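Descriptive structure summary
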Amino acid sequence: MAMGITICFMMLIKLVTAVAETPTTLNKTCVGDISVLLQFDVYQESCPVAEPIILSWVQSAISEEPRMAASLLRLHFHDCFVNASPGCDASVLLDDTDNFVGEKTAPPNLNSLRGFEVIDAIKSDLESVCPQTVSCADILAIVARDSVLLGGKSRREGGTALTASKAAATNSLPAPNSSVATLVANFQNVGTHTK
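Counting restarts for each chain: residues are numbered from 1 in the order of the written sequence. Per-residue local features of the predicted model are confined to residues with pLDDT of at least 70, and side-chain atom pairs are confined, for both listing and counting, to 80 or more; whole-chain, interface and lining totals are unaffected and use all residues. Excluding hydrogens and water, the side-chain figures rest on all heavy atoms present in the structure.

Labelled according to an unreviewed UniProt entry, the protein chain appears under the name peroxidase, originating from Salix suchowensis. UniProt positions are given in the numbering used here, feature names are shortened, and annotations may be inferred rather than shown by experiment. Here is the UniProt Catalytic activity (unreviewed entry) comment for the protein chain, exactly as written: "2 a phenolic donor + H2O2 = 2 a phenolic radical donor + 2 H2O".

**A look at the environment of Val 101**
Secondary-structure assignment places Val 101 in the loop between helix H3 (68–80) and helix H4 (116–129). Each residue's exposure class comes from its accessible area (1.4 Å probe, protein chains only) as a fraction of the maximum for that residue type: buried when under 20%, exposed when over 50%, partly exposed otherwise. The class for Val 101 is partly exposed, based on a relative accessible area of 46%. Contacts: residue pairs with any heavy atoms within 4.5 Å of one another. Not counting residues within four places of it along the chain, the set of residues in contact with Val 101 comprises Asp 96, Ala 164 and Lys 166. Under the DSSP-based scheme used, a helix requires at least four consecutive residues in state H or I and a strand at least two consecutive residues in state E, with every element numbered from the N terminus.

**Describing the state of the cysteines**
The term disulfide is used for any two cysteine sulfur atoms that are within 2.5 Å. For the coordinates displayed, the defined rule picks out two disulfides. Covalent S-S linkage joins Cys 47 and Cys 130, the inter-sulfur distance amounting to 2.1 Å. Since a negative S-S torsion denotes a left-handed disulfide, the Cys 47-Cys 130 link at about 85 degrees is right-handed. Pair noted here: Cys 47 is in the loop between strand E2 (34–39) and helix H2 (50–64) and Cys 130 is in the loop between H4 and helix H5 (136–151), with a separation of 83 residues, a long-range link. Across the disulfide from Cys 80 sits Cys 88; the S-S distance is 2.0 Å. On the sign convention where negative is left-handed, the bridge of Cys 80 and Cys 88, at about 120 degrees about the S-S bond, is right-handed.

**Examining the packing of H3 against H5**
Relative to each other, H3 and H5 sit at 145 degrees, their axes nearing to 8 Å. For the pair H3 and H5, the sense of crossing is left-handed. Residues Ala 69, Leu 72, Leu 73, Leu 75, His 76 and Asp 79 of H3 lie in contact with H5, whose contacting residues are Leu 140, Ala 141, Val 143, Ala 144, Ser 147, Val 148 and Gly 151. Note that Gly is not counted as nonpolar here; it falls among the polar residues with everything else outside the nonpolar set of Ala, Val, Leu, Ile, Met, Phe, Trp, Tyr, Cys and Pro and the charged set of Asp, Glu, Lys and Arg. A breakdown of the residues in the contact of H3 with H5 according to their chemical character gives nine nonpolar, three polar and one charged. Only the stretch in contact is used when a helix axis is fitted, and all axes are lines through C-alpha atoms; the angle between N-to-C directions ranges over 0 to 180 degrees. What makes a crossing left-handed is the near helix being turned counterclockwise from the far one by less than a right angle; a clockwise turn instead makes it right-handed.

**Concerning the nonpolar core**
The biggest cluster of nonpolar side chains holds 29 residues, and the ones touching the most others in it are Ile 54, Leu 93, Ile 119, Leu 126, Ile 139 and Val 143. Elements with a contribution of two residues or more to this core: H2, H3, H4 and H5. Phe 77, Ala 106, Ala 169 and Phe 187 belong to the second largest nonpolar core, which has eight residues in total. Each nonpolar core is a collection of buried residues, namely Ala, Val, Leu, Ile, Met, Phe, Trp, Tyr and Cys, held together in the definition by side-chain atoms within 4.5 Å.

**Quick notes on the pattern of salt bridges**
One speaks of a salt bridge when a side-chain nitrogen belonging to Lys or Arg is within 4 Å of a carboxyl oxygen belonging to Asp or Glu. If you walk through the whole model with that rule in mind, you get six salt bridges. Ionic pairing is found between Arg 67 and Glu 65, a salt bridge with its closest N-O pair at 3.6 Å. The class of Arg 67 is exposed, set by a relative accessible area of 56%. Looking at Glu 65, the relative accessible area reads 24%, which means it is partly exposed. Two residues, Asp 95 and Lys 104, come together in a salt bridge whose shortest N-O distance is 2.4 Å. Salt bridges sharing common partners tie together Glu 51, Arg 145 and Asp 146.

Structure, rendered in structure tokens:
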């Protein structure tokens, strides 16, 4: 069980680190003819303080609780592994309501994921200086990157989810006792390829 979780985190850290070390702009064809532009400093014009604000919150959270680095990375992982398309849409942040059941209460997430308050604080801070500019999906991705950089030693697809699926979270996230073959297949299913 611990080996499977370790392999998952190692593969995710490898992915986030690779993204952090890539050139500032990447053209990537994702599905069919749909092309997206992945870049760093995407908010340089619209909200130049976005990344420094996010980094400051991540630094503070990790200094108060060193395990928070892994928790914030895991939060992004659990968001991206559900609904491979679009995936990484911040759907994991949506709370249940009388008419909606999201991912937070799915068995792999319930009483397990943490760091929501850090994301909420970052979003609130960013909204006060750059209203309706930085998406929750981007915040999660930048927080994951910063957590790896700060705790272990961007991608931008835009938008924030308005829907989520408890069933998809339950069925998509790897179980703690998954075999290596299952974990590799799961990563390949969401578009990350291991060598």
